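Working through the structure, step by step
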Amino acid sequence: QQQQQQQSAKEKKEREEEEEGKAKADKATLAASLAAAQTKEQLEEGREEKQRETIAALESKVKGLEEARQQQQQQQQQQQQSAKEKKEREEEEEGKAKADKATLAASLAAAQTKEQLEEGREEKQRETIAALESKVKGLEEARQQQQQQ
């Protein structure tokens, strides 16, 4: 009976030690699983943070490019408007010069019909007409060059 009790106590102790070993192993496995899960979560958080930073950088770059494109369009519109206004001024000056030339030509024709017209006055008008014709020609050439550009 004493041997049986000793044997029973021995077996009980072995079972307890075995269960304690299993419990320690389970605890270690759980700790390792928890550590691995935490590491994985930290990696995912790091990856997500990196992605957020990349997205923010790309959005900033897109915004900068859009602003630059907008400025370029505004500059182009301003240049086109300036060129249009310059062309309109040149056409207006050219029209005035042509009108002046026609007026002078009519004046000259009327003056030539008068016998008492002084010769010096006629010469002066011819010089004025030549100067105006030269000015008109210069303006026309400038306009043609402008249109070719």
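Placed above this text is the structure.
So, here is what we can say about the structure in this document. (Residues numbered from 1 in each chain as written. Predicted model: local features only at pLDDT ≥ 70, side-chain atom pairs only at ≥ 80, totals over all residues. Heavy atoms only, no water.)

Some remarks on the overall build of the chain
Secondary structure assignment for the chain yields two helices and zero strands. Scaling as 2.2 N^0.38, a compact globule of 149 residues should have a C-alpha radius of gyration of about 15 Å, whereas the chain reaches 51 Å, well beyond that. Taken over 149 residues, the chain has a buried fraction of 8%. Accessible surface, the chain: about 13,200 Å² in total, of which carbon and sulfur atoms supply 47%. Side-chain charges of the chain comprise 28 positive and 34 negative groups, with the mean position of each set lying 2 Å from the other. (Helix = DSSP H or I, 4+ residues; strand = E, 2+ residues; numbered from the N terminus. Rg over C-alpha atoms; globule rule 2.2 N^0.38 Å. Buried < 20%, exposed > 50% of the residue type's maximum accessible area, 1.4 Å probe, protein only. Areas by Shrake-Rupley, 256 points an atom, 1.4 Å probe, with all protein chains shown as cover. Lys, Arg positive; Asp, Glu negative; His and termini not counted. Charge placed at Lys NZ, Arg CZ, Asp CG, Glu CD.)

Some words on the pattern of salt bridges
One pass over the structure, following the stated rule, counts nine salt bridges. A salt bridge links Glu18 to Lys22; the nearest nitrogen and oxygen atoms lie 3.9 Å apart. With Glu18 and Lys22 both in helix α1 (residues 2-112), this residue pair falls four residues apart, about one helical turn. The partner of Glu94 in a salt bridge is Arg143, with the nearest N and O atoms 3.5 Å apart. Of this pair, Glu94 sits in helix α1 while Arg143 is found in helix α2 (residues 119-148), placing the two residues 49 residues apart along the sequence. On the basis of relative accessibility, which here comes to 24%, the residue Arg143 falls in the partly exposed class. One continuous salt-bridge network, built from bridges that share partners, spans Glu94, Lys98, Glu140 and Arg143. (Salt bridge = Lys/Arg side-chain N within 4 Å of Asp/Glu carboxyl O.)

What about the side chain of Glu90?
The residue Glu90 is located in helix α1 in this model. One buried charged residue, Glu90, remains without a salt bridge, the closest side chain of opposite sign being Lys86 at 4.4 Å. In this structure, Glu90 is in contact with Arg143 and Gln146, ignoring residues within four places of it in sequence. (Contact = heavy atoms within 4.5 Å.)

Focus: a negative patch on the surface
Together, Glu11, Glu14, Glu16, Glu17 and Glu19 line one region of the surface with negative charge. Of the residues examined, Glu14 reaches a relative accessible area of 43% and is grouped as partly exposed. (Patch = residues over 30% accessible without salt bridge, like charges linked within 9 Å, V, L, I, M, F, W, Y side chains within 5 Å.)

Observations regarding the side chain of Glu94
Judged by relative accessible area, which is 5%, Glu94 ranks as buried. In this structure, Glu94 is in contact with Leu139, Glu140 and Arg143, ignoring residues within four places of it in sequence.

Purely geometric numbers; function is a separate question.
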